[in-house]
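Okay, here's what each chain looks like letter by letter:
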Amino acid sequence: MTEHVVGIDYGGTSTKLLLAAAGVREAVPMAQAVVPTPRGGDALEELATHVEAFVAGRPVRGAAVTVAGIVDDRGVVLTSSNLPWLAGVAIGDVLRTRLGFAVVPVHDGRAAARAEAVLGAGRGHEDTYVVALGTGVGSAHVVRGVVEPGAHNAAGEIGHISQDEQGRPCSCGQRGCLETFIGGAHLARRWREVVAASGSASPGELDALTAQDLVAAARAGHPAATAILAEATTALARGLLGMLATVDPGRVVVGGGLGQAPDVILEPAVARLRARATFHQVPPIVPATLGPWAGAWGAALTADEVGSA
Ligand SMILES: [Zn+2]
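Per an unreviewed UniProt entry, the protein goes by Glucokinase and derives from Pseudonocardia kunmingensis. The UniProt entry for the protein carries the following comment under Sequence similarities (unreviewed entry): "Belongs to the ROK (NagC/XylR) family."

Helix and strand content of the protein: 10 helices and 12 strands. Its C-alpha atoms give the protein a radius of gyration of 20 Å, within 12% of the compact-globule value 19 Å for 309 residues. Summarising its shape, the C-alpha atoms of the protein cover approximately 60 × 50 × 35 Å along the three principal directions. Considering the protein as a whole, with its 309 residues, one finds that 48% of them fall into the buried category.

What follows deals with the pattern of salt bridges. Tallying each qualifying case throughout the model produces 11 salt bridges. Arg 98 serves as the salt-bridge partner of Glu 45, at 3.0 Å between the closest nitrogen and oxygen. Residue Glu 45 is located in helix α1 (residues 43-55), and its partner Arg 98 is located in helix α2 (residues 91-99); the two are separated by 53 residues in the primary sequence. The class of Glu 45 is partly exposed, set by a relative accessible area of 43%. Close ionic contact of Asp 263 with Arg 219 constitutes a salt bridge, the shortest N to O distance being 2.8 Å. Taken as a pair, Asp 263 in the loop between β11 (251-255) and α9 (266-276) and Arg 219 in helix α7 (residues 211-219) lie far apart in primary sequence, 44 residues in all. Counted as one network, the salt bridges with shared partners bring together Glu 3, Arg 61 and Asp 304.

Okay, the side chain of His 4 next. Considering the arrangement of structural elements, one finds His 4 in strand β1 (residues 4-10). Polar contacts involving the side chain of His 4 include one to the main-chain carbonyl oxygen of Thr 2, which spans 3.3 Å. Ignoring anything within four residues of it in the chain, the contact list for His 4 reads Leu 19, Ala 20, Ala 22, Met 30, Arg 58, Pro 59, Val 60, Arg 61 and Gly 62.

Another point: the coordination of the zinc ion. At this site the zinc ion is bound by His 160 (ND1), Cys 170 (SG), Cys 172 (SG) and Cys 177 (SG), with donor distances of 2.0 to 2.3 Å. Summarised as a motif, the one-chain spacing of the donors to the zinc ion is H-x9-C-x1-C-x4-C. Highlighted residues: His 160 in the loop between β10 (146-147) and α4 (178-182) and Cys 172 in the loop between β10 and α4, separated in sequence by 12 residues. Overall, Cys 172 belongs to the partly exposed group, its relative accessible area being 37%.

This paragraph deals with the domain arrangement of the protein. Structurally, the protein comprises domain 1 (4-113 + 292-308) and domain 2 (124-289). Computed from C-alpha coordinates alone, the two centres of domain 1 and domain 2 are separated by 27 Å.

Our focus in this paragraph is the environment of Leu 18. Within the secondary structure, Leu 18 is located in strand β2 (residues 14-21). On the basis of relative accessible area, Leu 18 is assigned to the buried category, the value being 0%. Each residue touching Leu 18, except ones within four places of it in the same chain, is listed here: Val 5, Val 6, Gly 7, Ala 31, Gln 32, Phe 54, Trp 293, Ala 296, Trp 297 and Ala 300.

Packing of α1 against α2 brings their axes to within 10 Å, and their N-to-C directions diverge by 50°. One way to sum up the angle between α1 and α2 is to call them oblique. Considering only the axes of α1 and α2, their crossing is right-handed. Contact residues: Leu 44, Glu 45, Leu 47, Ala 48, Thr 49, Val 51 and Glu 52 in α1; Ile 91, Val 94, Leu 95, Arg 98 and Leu 99 in α2. Split into classes, the residues belonging to the contact of α1 with α2 amount to 8 nonpolar, 1 polar and 3 charged.

Pairing is mixed in the open sheet, where 5 strands are placed in the order β3-β2-β1-β4-β7. The open sheet has two free edges, formed respectively by β3 (31-36) and β7 (103-107), since each of these has just one partner strand. Geometrically, the sheet is characterised by an average inter-axis angle of 20° between neighbouring strands, direction not taken into account. Inspection of the sheet shows β1 paired to strand β4 (residues 60-67) by 6 bridges, in the parallel sense. Note that in β4 the partner of His 4 across the bridge is Val 60. Against the sheet, α2 makes contact with β1, β4 and β7, and its axis sits at roughly 150° relative to β7, the strand it touches most.

Parameters and conventions
- Residues numbered from 1 in each chain as written.
- Predicted model: local features only at pLDDT ≥ 70, side-chain atom pairs only at ≥ 80, totals over all residues.
- Heavy atoms only, no water.
- UniProt positions renumbered as here; feature names shortened; annotations may be inferred.
- Helix = DSSP H or I, 4+ residues; strand = E, 2+ residues; numbered from the N terminus.
- Rg over C-alpha atoms; globule rule 2.2 N^0.38 Å.
- Buried < 20%, exposed > 50% of the residue type's maximum accessible area, 1.4 Å probe, protein only.
- Salt bridge = Lys/Arg side-chain N within 4 Å of Asp/Glu carboxyl O.
- Polar contact = N/O pair within 3.5 Å; in protein donor to acceptor, adjacent residues only side chain to side chain.
- Contact = heavy atoms within 4.5 Å.
- Donors = N, O, S within 2.8 Å, 3.2 Å for Na, K, Ca; no water.
- Domains from an automatic or database assignment.
- Axes fitted to C-alpha atoms, helices over the stretch in contact; angles between N-to-C directions.
- Parallel < 35°, antiparallel > 145°, perpendicular 65-115°, else oblique.
- Left-handed = near helix turned anticlockwise from the far one by under 90°.
- Nonpolar A, V, L, I, M, F, W, Y, C, P; charged D, E, K, R; others polar.
- Pairing = 2+ DSSP bridges.

What follows is the structure, given as structure tokens:
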């Protein structure tokens, strides 16, 4: 009987469940489901119930669950900004006890990057740099299927390379980081400032504006939106060029929510990058292909290793 692995992407608002045949080689799911994220003190009991119903008695070799936060060597969640009820919890142990198969935690951003490199737009390439343009900006260098973590497990912060010391304050304590130019939260804030200055929106409407509204306005030819994205894509080009000079990857994959707007983000950024490149080896720079399922696929890849160990 076919053995399965389960990838659980435990997100801030929704949680994705993915079932694949063990020995994952390509992104072909056997089943997928999205459930509202279980929250609070009973969250893991509720999550386990969802997983149990989803698996429906099929044999499971192992599972992995993404965590947006820091997990220590024993699998205890130290901090998680969007899942605060997990702090101090050995998430894998709790789920393993309840489900009867191995469950290990995996860093959400690194899981997604690894999946893109191994199963997505980097598939078939040994050396891929993955950049995720979401609320923030993350990145990972994936070599032969393995994320390079750095000597202190702190690699991948391309979003926090400062480009302007006089720039806007960043959540990391610096100013003018790449993330302050192209992070979704910063783009939404910039667009709110523009719309607020025009006096055309109520406070409630202003609060609801997102980076995607800015993207839509730029596509419609709004000059201020176009100017904000010109600045953003210039910063992205500069950031990627610095990365190319440092890492020299064979392929660059750009994903995340804003990575799905290649016409106004990635393509202009790559054009600017090519115009500035001198000695750099510019590899193919391509959009991600797994979309919002990248994290769940990364968890499935991890589950495969756990189960076969
Ligand atoms: Zn920063």
